[in-house]
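Observations on chain architecture
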Amino acid sequence: MAEITASMVKELREKTDAPMMECKKALTEAAGDMAKAEEILRVKLGSKATKAASRITAEGVVAVDVAADGKLAALVEVNCETDFVAKNDDFLAFARALAKLVAAHNPADVAALSALPLGEGTVETTRTALIGKIGENVSIRRFVRMPAQGTIASYVHGGSKIGVLVDVAGGDAELGKDLAMHIAASKPKSLTADGVPTEAIDSERRVALEKAREAGKPEAMLDKIADGAVQKFLKEVTLLGQVFVKAVDGKQTIEQLLKAKGAAVNGYALYVVGEGIEKRQNDFAAEVAAQAAAAAAAQKDTAPKA
């Protein structure tokens, strides 16, 4: 049997926010397979084991640059160490300058962007000088450049923590803004089911099957139950399948909204600052010790007095 180390338990706990002992049990049952252990926790704990999916753990901003005719746009994420610096004027100006450079020069990657001219030097020398000035590390995480088939609408939310670009054909400016705001709020994983990774779909199916078995459902019904769970999952994570956040009846999907407006979405980009980045490493041993001390103190308080 694979050895279940403290670091493995720590990693699973950070991914799922599940209790430490539950993480250890799941890893033991999964013979050390992290992905399988996460599925086991989802079966046992439901939504409590998916908290990490929406957790924002790093600081920084997103910056957007959209051409006046809406035919080209860029979105960039720049990270720093604290939210204080994320509000610094020089830091914000640097992020905006990067978005303009991405739109104008179409760099292949972050290294190519870093080599572009900026100010009296390059993006990299400007970044280095900014680090020296504000006293924090600054990094360029990612960017996307989007030429439009239709017209690009954009939306930035939460103090530049969430940025959206959406390429819309047809409709009007209000529709584009509504779609961008919807994407920021609902955070779809892809435009249609075709864009959802097979592994994610297979995982949903396995979880649904195990939940149904634990609930005592007849074996003959399991596949049908799993199919229904997968279809529900796909509606929740695909833009066209999601219910429009401003739907008056609470039922109209984005696909239905677009059809009613005679419009289509050609593509979109969504950045959430710090998504998937661990903000800080917690001291796992200290956490265990603190919990043990708390348990001992509680036991002492409830012990009969002499």
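Residues numbered from 1 in each chain as written. Predicted model: local features only at pLDDT ≥ 70, side-chain atom pairs only at ≥ 80, totals over all residues. Heavy atoms only, no water.

Moving on: the nonpolar core. Counting residues in each nonpolar core, the largest one holds 25 residues, and the members touching the most others are Val-76, Val-78, Phe-91, Phe-94, Leu-98, Leu-113 and Val-123. Among the secondary structure elements, those contributing two or more residues to this core are strand 1 (59-66), strand 2 (72-80), helix 4 (83-86), helix 5 (89-105), helix 7 (123-134) and strand 5 (139-147). With eight residues, helix 5 is the single largest residue contributor to this core. Excluding anything up to four places from it in sequence, Val-76 contacts Val-61, Val-62, Ala-63, Ala-95, Leu-98, Ala-99, Ile-140, Arg-142, Phe-143 and Tyr-271. (Core = buried A, V, L, I, M, F, W, Y, C linked by side-chain atoms within 4.5 Å. Buried < 20%, exposed > 50% of the residue type's maximum accessible area, 1.4 Å probe, protein only. Helix = DSSP H or I, 4+ residues; strand = E, 2+ residues; numbered from the N terminus. Contact = heavy atoms within 4.5 Å.)

With respect to the secondary-structure elements, Asp-167 resides in strand 7 (residues 162-169). Overall, Asp-167 belongs to the buried group, its relative accessible area being 3%. Residues Asp-167 and Asn-266 lie 99 residues apart in sequence; the distance between their C-alpha atoms is 5.4 Å. Discounting residues that sit within four places of it in the chain, Asp-167 has contacts with Met-146, Pro-147, Ala-148, Gln-149, Gly-150, Thr-151, Ile-152, Ala-264, Val-265, Asn-266 and Gly-267. Only 2.9 Å separates the side chain of Asp-167 from the backbone nitrogen of Gly-150, close enough to count as a polar contact. (Polar contact = N/O pair within 3.5 Å; in protein donor to acceptor, adjacent residues only side chain to side chain.)

In this section: the sheet that holds strand 7. Taken together, three strands build an open sheet; the order of strands is 6-7-8 and the sheet is antiparallel. For this open sheet the edge positions go to strand 6 (151-157) and strand 8 (264-272), each flanked by a neighbour on one side alone. Neighbour-to-neighbour, the strand axes of this sheet turn through a mean angle of 15°, independent of strand direction. Direction of pairing for strand 7 relative to strand 8: antiparallel, over a ladder of eight bridges. Paired with Gly-163 across the strands is Tyr-271, a residue of strand 8. Each of strand 6, strand 7 and strand 8 touches helix 8 (residues 173-186); the most contacted strand, strand 7, lies at about 140° to it. (Pairing = 2+ DSSP bridges. Axes fitted to C-alpha atoms, helices over the stretch in contact; angles between N-to-C directions.)

What follows deals with the sheet that holds strand 2. By way of backbone hydrogen bonds, the strands of a sheet pair with one another, either parallel or antiparallel. Reading across from one edge, 1-2-5 is the order of the three strands in this open sheet, with antiparallel pairing throughout. Here the strands that pair on one side only, and so sit at the sheet edges, are strand 1 and strand 5. Shown here is a sheet whose adjacent strand axes are inclined to one another by a mean of 10°, direction ignored. Both strand 1 and strand 2 contribute to a ladder of eight bridges, which runs antiparallel. Bridge pairing in strand 2 links Ala-63 to Val-76.

Taken as a whole, this structure holds 13 salt bridges when the rule is applied. One salt-bridge network, in which partners are shared between bridges, spans Glu-59, Asp-83, Lys-87 and Lys-161. (Salt bridge = Lys/Arg side-chain N within 4 Å of Asp/Glu carboxyl O.)

Let's shift gears to the pairing of strand 7. Along strand 7, seven of the eight residues are buried, which leaves the element largely enclosed by surrounding structure. In this structure, the hairpin formed by strand 6 and strand 7 is closed by a connection of four residues, where Gly-158 is found at a positive phi of approximately 65°.

Listing the buried residues of helix 11 (residues 254-261) in full gives Ile-254, Leu-257 and Leu-258. Along the axis of helix 11, the buried positions cluster into a sector of 95°, meaning they face one direction only. Facing away from the buried side of helix 11 by over 90 degrees, the exposed positions are Lys-259 and Ala-260. (Arc of directions from axis to C-beta.)

A few words now on the side chain of Glu-39. Mapped onto the secondary structure, Glu-39 falls in helix 3 (residues 34-45). The exposure class assigned to Glu-39 is buried, which follows from its relative accessible area of 9%. Here Ser-203 takes part through its side chain, which lies 3.2 Å from a polar atom of the side chain of Glu-39. At 2.3 Å, the side chain of Glu-39 and the side chain of Arg-206 are in polar contact. Setting aside anything within four residues of it in sequence, one finds Glu-39 in contact with Ser-203, Arg-206 and Val-207.

Where helix 8 contacts helix 11, the axes come no closer than 12 Å and their chain directions differ by 175°. On the basis of their axis angle, the class for helix 8 and helix 11 is roughly antiparallel. Taking contact as the criterion, the partners of Leu-175, Leu-179 and His-182 in helix 8 are, on helix 11, Ile-254, Leu-257, Leu-258 and Lys-261. A class-by-class count of the residues in the contact of helix 8 with helix 11 yields five nonpolar, one polar and one charged. (Parallel < 35°, antiparallel > 145°, perpendicular 65-115°, else oblique. Nonpolar A, V, L, I, M, F, W, Y, C, P; charged D, E, K, R; others polar.)

In short, geometric facts, not functional conclusions.
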